[in-house]
Amino acid sequence: MHPESTEPRRRFAEEARARRPDLAALCLLVGAEGEPSLGEAGLDAAEEELDRLAGLLPHGLSGPRAWAAALAELLGARCGFHGGPADYGRLESSLLPEVLRHRRGLPILLCVVWIEVARRAGGRVYGVALPGHFVVGFGDPEGPGERVLADPFAAGRLLTGQEADALVAGAPGAGGPSPDGPGFTPAGPLDIVQRVLNNIRAWAAARPERTDVALWAVELALLLPAHPARLRYDRAQLLVQRGEFLRGAAEMEEYARVVAAVEPSTAEAIRRRARAARARLN
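Treat the numbers as computed from the prediction; the structure is a model and nothing was measured.

### Some details on the nonpolar core
Alright, step 1. One finds Phe138, Leu197 and Ile200 to be the most contacted residues of the largest nonpolar core, which totals 69 residues.
Alright, step 2. Of all the elements, helix α6 (residues 107-120) adds the most residues to this core, at 10 residues.
Alright, step 3. If we skip the residues at most four places from it in the chain, Phe138 touches Pro64, Trp67, Ala68, Leu71, Trp114, Arg124, Val125, Tyr126, Glu146, Arg147, Val148 and Ala150.
Alright, step 4. Counting 13 residues, the second largest nonpolar core, distinct from the first, contains Val240, Ala249, Val259 and Ile270.

### Focus on the sheet that holds strand β4 (residues 157-158)
Neighbouring strands of a sheet are bound in pairs by backbone hydrogen bonds; such pairs are parallel or else antiparallel.
Alright, step 1. One open sheet holds the four strands; their spatial order is β1-β2-β3-β4, and the pairing between them is antiparallel. Each of the sheet's edge strands pairs with one partner strand only, and the pair in question is β1 (125-130) and β4.
Alright, step 2. Taken together, the six bridges between β1 and strand β2 (residues 133-138) define a ladder with antiparallel strand orientation. Residue Val125 lies in a different strand from β2, and its bridge partner there is Phe138.
Alright, step 3. Packing of helix α4 (residues 64-78) onto the sheet brings it into contact with β2, β3 (148-151) and β4, and relative to β2 it is tilted by some 125°.

### A few points about the pattern of salt bridges
Alright, step 1. On inspection of all chains with the given rule, the structure shows 25 salt bridges.
Alright, step 2. Asp234 serves as the salt-bridge partner of Arg230, at 3.2 Å between the closest nitrogen and oxygen. One end of the pair is Arg230 and the other is Asp234, both in helix α10 (residues 230-241) and four residues apart, which spans about a single turn.
Alright, step 3. Two residues, Arg271 and Glu268, come together in a salt bridge whose shortest N-O distance is 3.7 Å. Note that Arg271 and Glu268 are positioned in helix α12 (residues 264-279) at a spacing of three residues, about one turn of the helix.
Alright, step 4. Judged by relative accessible area, which is 30%, Arg271 ranks as partly exposed.
Alright, step 5. One salt-bridge network, held together by shared partners, links Arg9, Glu33, Glu219, Arg235 and Glu251.

### Quick word on the packing of helix α2 (residues 23-34) against α6
Alright, step 1. It is at 10 Å that the axes of α2 and α6 come closest, and there the two elements cross at 140°. Looking at the two axes, α2 sits oblique to α6. The hand of the α2/α6 crossing is left-handed. Contact residues: Leu23, Ala24 and Cys27 in α2; Val112, Ile115, Glu116 and Arg120 in α6.
Alright, step 2. Its residues assigned to classes, the contact of α2 with α6 comprises five nonpolar, no polar and two charged.

Conventions adopted
Residues numbered from 1 in each chain as written. Predicted model: local features only at pLDDT ≥ 70, side-chain atom pairs only at ≥ 80, totals over all residues. Heavy atoms only, no water. Core = buried A, V, L, I, M, F, W, Y, C linked by side-chain atoms within 4.5 Å. Buried < 20%, exposed > 50% of the residue type's maximum accessible area, 1.4 Å probe, protein only. Helix = DSSP H or I, 4+ residues; strand = E, 2+ residues; numbered from the N terminus. Contact = heavy atoms within 4.5 Å. Pairing = 2+ DSSP bridges. Axes fitted to C-alpha atoms, helices over the stretch in contact; angles between N-to-C directions. Salt bridge = Lys/Arg side-chain N within 4 Å of Asp/Glu carboxyl O. Parallel < 35°, antiparallel > 145°, perpendicular 65-115°, else oblique. Left-handed = near helix turned anticlockwise from the far one by under 90°. Nonpolar A, V, L, I, M, F, W, Y, C, P; charged D, E, K, R; others polar.

Listed below in structure tokens is the structure:
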């Protein structure tokens, strides 16, 4: 880890373990990893942009549909926040400071913009993780009142119940919950950040030359309070790929120790890989 990355990671770890984690702060600190030159001034500028956008929303909004329409008008129509197929091939599409600058991004990052702008203006909005997509919801997810889903990736287009059903079911014609029915559980800040980091790891996995990105995404995920134990092995493999054989072998051995009680054969296979990594130093 480079010395300059220590402070943002410390802050990320502290925020992730806070009683009420701040979604914007966490996503901005992910952005600081992806863009080390951002610095404190860049992080402050991004926070100020979210505040500025929130100040442009009309006062006195009432009801889920009014909030959804106001955000679509401001962020989608006036400011041009949206996404397209090309955005899936860009790392910047997963970095909140870049998304705020260029107003393009992956669905989940555009949803973060909507959530944070609405939250600052007093709106009740939350992320909803649908299979293969991410949208925002308005209204009480547990109550009897109206609930509305909007798609920031499509500049804020409202989803009909039929469209939402198809997304949830994963296939046209299959049954599933609609926006006015049960099943749309809000995604918490840590769930959203974990998904953002998963997207970054998937981007890096398709580009073997970007093990640097894969490594910092794994290391940030390991700082979250709850994470799969397998991430430690993933980190070890990345270290070995990057030529850090001793560190990678040590990580493998530690992971083997963790899984030995439940999967002794897996643990032994991992120990063999650790020995092979150490042998590459000779």
